[in-house]
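If you want the building blocks of each chain, they are given just below.
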Amino acid sequence: MGLKLYNSLTRKKEEFEPLEKGRVGIYVCGPTVYGHAHLGHAKSYVSFDILVRYLRYLDYNVTYVQNITDVGHLTDDADQGEDKISKAAAKEKKHPMALAESYTRSYFEDMDALNCVRPDISPRASGHIVEQIELAKTLLEKGCAYEVKGSVYFDISKFEDYGKLSGRNIEDMQAGARVEVSPDKKHPADFALWKKAEQNHIMQWPSPWGMGFPGWHLECSVMSTKYLGQPFDIHGGGIENQFPHHECEIAQAEAAEGKQFAKYWIHNNMVTVDGQKMGKSLNNFITLKQAFSGSHEKLARAYDPLAIRQLVLNSHYRSPIDFSDAALFAAQSGYEKLTSAVLALRKQIKNASAGVISGDIELRLKELKEKFESAMNDDLNTAIALSVMFELASFANDQITKNATSETLKAIEDMFVKLGGDVLGLVKDEYGRQGEADSETLDKLIGVIIEQRNAAKQKKDFAAADALRKKLEEAGIVLEDKPGGVTGWRFK
């Protein structure tokens, strides 16, 4: 079975067939950089990181474009309110572009920590003002837009397919439902391509209609097609952006060019808190930096970034995750179990004897690989794929106890690296390939604890000796007392 993806545009799973054989162009709506990234961002960008990684695993040449929104995203997510960047900048007493630069760096720091591959291209809205003006001019020339008092609006009545992505009926639409609709619009659902800037608005540029700034939707149509062409293969983003943002992108691009904008639309679901979307506007978010440091009041401890990644992979990308500290704690425990299995494997490979791999072991590894690929081919079912990694961990531990050959252990290691690392992004080189330095350091540290335990036993302080053993077991390390007073250790 080939890769099947759920296409929001057709509302069904479809066999993935790129427009050009062997090559895939992906555009994902990136963050609006007016604050630190939070757990909701982790859900979205880890999900699309998995898509990119798996396509590359399948030997596609992928061009991954993810934008940075540093202008045009207004506080009501439509055409009214303040620019989110400008509002945050005023609060922090910074220039808007200084604020955007600061939070862009913070965003990439957090994505690196989550082991998300960097996009091939990270275009910024403010760097594509000329192209956005040109698209607005094209839509005006084609009669699909109109200018009023220095602002330019898209006329949805001129695009009969408006609503095809979200399934909404034009008669029921009310752009900016939370605010009063602009009287300048012909229809409430018409949306801004270009907005007139007030005199004190810092982020503004000259245009044929006067000083202003681009509409939020315009930037993504421009940047995606500039770098990927039109049509391109996959457009991704959060389900909350399906309407109006993605719907408007389609209308602009297809009205301007008269051809399909993107072939597949992939939407990830949200992180929720008590059933509500986690987000800055509701002030119910936990930043990734808070999660990494354990500095938020709802967190009992600091969490490894890859444990947060594992939490995301525990559920399907189209399913919501309801946040809780308990869920994060369980993900941390699962991540540590996988890490321990890889470390134990590395340690044993050094000492294992040479020898061929048996047919039974090759068959078992083949079965696990096929189960993993079958799950990923079924609309990126990472929950099942992750369960295969735990099966592989158990198999690895079993082969270690049976003193398997180095060739057998290396074959298991290779599967960990390819499936758990290259695809799922959970097996990193730090602990996956560092090998001898890590093992020797760990041996020395555990050796010190064993010496302390032996000293306690000599003093007949068995309670202290048992407490040391218990502490190691809680950390996933089992002590084994052997004949002759020798104590060894292994991972659980």
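Each chain has its residues counted from 1, running along the sequence as written. Local features in a predicted model are, by the rule used here, given only for residues with pLDDT of at least 70; side-chain atom pairs are given and counted only at 80 or more, and totals for whole chains, interfaces and linings are based on all residues. To obtain the side-chain values, all non-hydrogen atoms of the structure were included, while hydrogens and water were left out.

K.L.:
How should I be thinking about the overall build of the chain in this particular structure?
P.N.:
Within the chain, the secondary structure is distributed over 15 helices and 15 strands. Projected onto its principal axes, the C-alpha coordinates of the chain cover approximately 90 × 50 × 35 Å. Relative accessibility under 20% of the residue-type maximum defines a buried residue, over 50% an exposed one, and the middle range a partly exposed one, all with a 1.4 Å probe and only protein chains included. Within the span of the chain, comprising 492 residues, buried residues form 54% of the whole. About 21800 Å² of surface is accessible on the chain, with carbon and sulfur atoms providing 49% of the total. The charge count includes Lys and Arg as positive and Asp and Glu as negative, but it does not include His or the ends of the chains. Taken as the charge centre is NZ of Lys, CZ of Arg, CG of Asp or CD of Glu, depending on the residue. The chain carries 62 positive and 70 negative side-chain charges, and their two centres are separated by 4 Å. Runs of E in the DSSP output that reach at least two residues are strands. Runs of H or I that reach at least four are helices, and both are numbered from the N terminus. The method behind every accessible area is Shrake-Rupley, applied with a 1.4 Å probe, and residues are considered shielded solely by the protein chains displayed.

K.L.:
Can you help me understand the nonpolar core in this one?
P.N.:
One recurring pattern in soluble globular proteins is that nonpolar side chains are buried together. Working definition of a nonpolar core: buried Ala, Val, Leu, Ile, Met, Phe, Trp, Tyr and Cys residues. They are joined through side-chain atoms within 4.5 Å. Ranked by internal contacts, the top residues of the largest apolar core, which has 133 residues, are Ile26, Phe154, Ile234, Ile308, Phe416 and Leu424. Per element, the largest residue contribution to this core is ten residues, and it comes from helix H1 (residues 39–57). Any two residues whose heavy atoms approach within 4.5 Å at even a single point are treated as in contact. Setting aside residues no more than four positions away along its own chain, isoleucine 308 makes contact with Leu39, Ala42, Leu114, Leu288, Ala291, Phe292, Tyr303 and Leu328. Within the second largest apolar cluster, six residues are counted, among which are Ile446, Leu472, Ile477 and Leu479.

K.L.:
Explain the sheet that holds strand S8 (residues 212–214) to me, please; I cannot follow it from the model alone.
P.N.:
Whenever strands of a sheet pair, they do so through backbone hydrogen bonds, lying parallel or antiparallel. Strands sit in the order S5-S6-S7-S8 across an open sheet of four strands; the sheet is antiparallel. Each edge of the sheet is formed by a strand with only one pairing partner; in this case those strands are strand S5 (145–148) and S8. Averaged over all pairs of adjacent strands, the angle between their axes in this sheet comes to 20°, without regard to strand direction. Criterion used throughout: strands pair if DSSP finds at least two bridges between them. Sheet analysis places strand S7 (residues 191–196) next to S8, joined by three bridges and oriented antiparallel. Paired with lysine 196 across the two strands is glycine 212, which belongs to S8. Geometry is summarised by axes, namely lines fitted to C-alpha atoms with helices restricted to the contacting stretch, and by angles between N-to-C directions that run from 0 to 180 degrees.

K.L.:
So what exactly am I meant to see when it comes to empty space enclosed by the protein here?
P.N.:
Over the atoms rolls a probe the size of a water molecule, and its path tells where empty space is left. With a 1 Å grid spanning the protein atoms alone, the term cavity applies to any set of points in which a 1.4 Å probe fits but cannot get out, the term pocket to an open set with protein on both sides within 12 Å along at least five of seven lines, and the term lining residue to any residue with an atom within 4 Å of a point. Grid points are joined across faces, edges and corners, and a volume is the space filled by probe spheres set on the points. As enumerated under the stated definition, the model contains seven cavities of 30 Å³ or more in all. Its volume calculated, the largest cavity comes out at about 70 Å³. Looking at the largest cavity, the residues that line it are Tyr45, Asp49, Tyr64, Gln66, Tyr107, Phe108, Met111, Asp112, Cys116, Val117, Arg118 and Pro119. Elements supplying a minimum of two residues to the lining of the largest cavity: H1, strand S4 (61–66) and helix H3 (96–113). With four residues, the top contributor of residues to the lining of the largest cavity is H3. Following the grouping adopted for this structure description, the nonpolar residues are Ala, Val, Leu, Ile, Met, Phe, Trp, Tyr, Cys and Pro, the charged ones are Asp, Glu, Lys and Arg, and the polar ones are all others, Gly among them. A class-by-class count of the residues in the lining of the largest cavity yields eight nonpolar, one polar and three charged.

K.L.:
Quick question: what am I supposed to make of the state of the cysteines here?
P.N.:
Joining two cysteines, a disulfide is a covalent bond between their sulfur atoms. Cysteine sulfur pairs qualify as disulfides if the two atoms are within 2.5 Å. Applying the stated rule across the entire model yields zero disulfides. The thiol sulfur of cysteine 116 is not disulfide-bonded, and the nearest other cysteine sulfur, from cysteine 29, lies at 16 Å. For cysteine 116, a relative accessible area of 9% corresponds to the buried category.

K.L.:
Please clarify how the sheet that holds S4 should be interpreted in this entry.
P.N.:
Ordered in space as S4-S3-S9-S10, the four strands form an open sheet in which the pairing is parallel. Looking at which strands have only one partner, the edges of the open sheet turn out to be S4 and strand S10 (262–268). Averaged over all pairs of adjacent strands, the angle between their axes in this sheet comes to 20°, without regard to strand direction. For strand S3 (residues 23–28) and S4, the ladder comprises six bridges, and the chain directions are parallel. Note that in S4 the partner of glycine 25 across the bridge is threonine 63. With respect to the sheet, H1 is in contact with S3, S4, strand S9 (232–238) and S10, its orientation differing from that of S4 by roughly 160°. Set on the sheet, helix H6 (residues 242–257) makes contact with S9 and S10; between it and S9 the angle comes to about 160°.

K.L.:
Just checking my understanding: could you explain the environment of glutamate 147 for this structure?
P.N.:
With respect to the helices and strands, glutamate 147 occurs in strand S5. Expressed as a C-alpha distance, the spacing of glutamate 147 and tryptophan 194, which sit 47 residues apart in the sequence, is 8.9 Å. With residues near it in sequence (within four places) discarded, glutamate 147 still touches Leu140, Val152 and Trp209. A polar contact of 2.8 Å, which involves the side chain of glutamate 147, links it to the backbone nitrogen of glycine 150. N or O atoms closer than or at 3.5 Å make up a polar contact, with two conditions inside protein: a donor-capable atom paired with an acceptor-capable one, and, for residues adjacent in sequence, both atoms drawn from side chains.

K.L.:
How should I be thinking about helix H10 (residues 359–377) in this particular structure?
P.N.:
Because an α-helix packs 3.6 residues into every turn, residues spaced three or four apart end up facing the same way. Along its 19 residues, H10 runs 26 Å from first to last C-alpha, staying within 8% of the 27 Å computed at 1.5 Å per residue. Within H10, burial applies to Ile361, Leu365, Leu368, Phe372, Ala375, Met376 and Asn377. In this structure, the buried residues of H10 make contact with strand S1 (4–7), H1, helix H11 (382–401) and helix H12 (406–423). Immediately beyond the C-terminal end of H10, within one or two residues, lies aspartate 379, with a positive phi of roughly 55°. A helix is expected to reach a length of 1.5 Å times the quantity of its residues less one.

K.L.:
Help me understand the pairing of S10 in this model?
P.N.:
Every regular strand shows the same layout, with side chains that alternate between the two sheet faces. With six of seven residues buried, S10 is to be regarded as a mostly interior element. Viewed along the sheet, the connection from S9 through H6 into S10 turns out right-handed. A right-handed crossover is one whose linking path, passing over the helix from the first strand to the second, runs clockwise when the strands point away from the viewer.

K.L.:
Can you help me understand the pattern of salt bridges in this one?
P.N.:
Side-chain pairs of opposite charge can arise whenever the charged atoms involved come near each other. Definition used for salt bridges: Asp or Glu carboxyl oxygen within 4 Å of a side-chain nitrogen of Lys or Arg. Evaluated as defined, the whole model comprises 26 salt bridges. Between glutamate 370 and lysine 366 there is a salt bridge; the shortest N-O distance is 2.8 Å. Of this pair, glutamate 370 and lysine 366 both sit in helix H10, four residues apart, which is roughly one turn of that helix. Of the residues examined, glutamate 370 reaches a relative accessible area of 42% and is grouped as partly exposed. Given a relative accessible area of 48%, lysine 366 falls into the partly exposed group.

K.L.:
Explain the packing of helix H4 (residues 129–141) against helix H5 (residues 216–228) to me, please; I cannot follow it from the model alone.
P.N.:
Between two packed helices, what matters for the description is the angle formed by their axes and the separation of those axes. At their nearest, the axes of H4 and H5 sit 9 Å apart, and the two run at 105° to each other. As judged from the angle between their axes, H4 and H5 are roughly perpendicular. Counted together, Glu131, Gln132 and Leu135 of H4 and Leu218, Glu219, Ser221, Val222 and Lys226 of H5 form the full contact between these two elements. Residues of the contact of H4 with H5, tallied by class, amount to three nonpolar, two polar and three charged. To sort the angles, those under 35 degrees are grouped as roughly parallel, those over 145 as roughly antiparallel, those from 65 to 115 as roughly perpendicular, and the leftovers as oblique.

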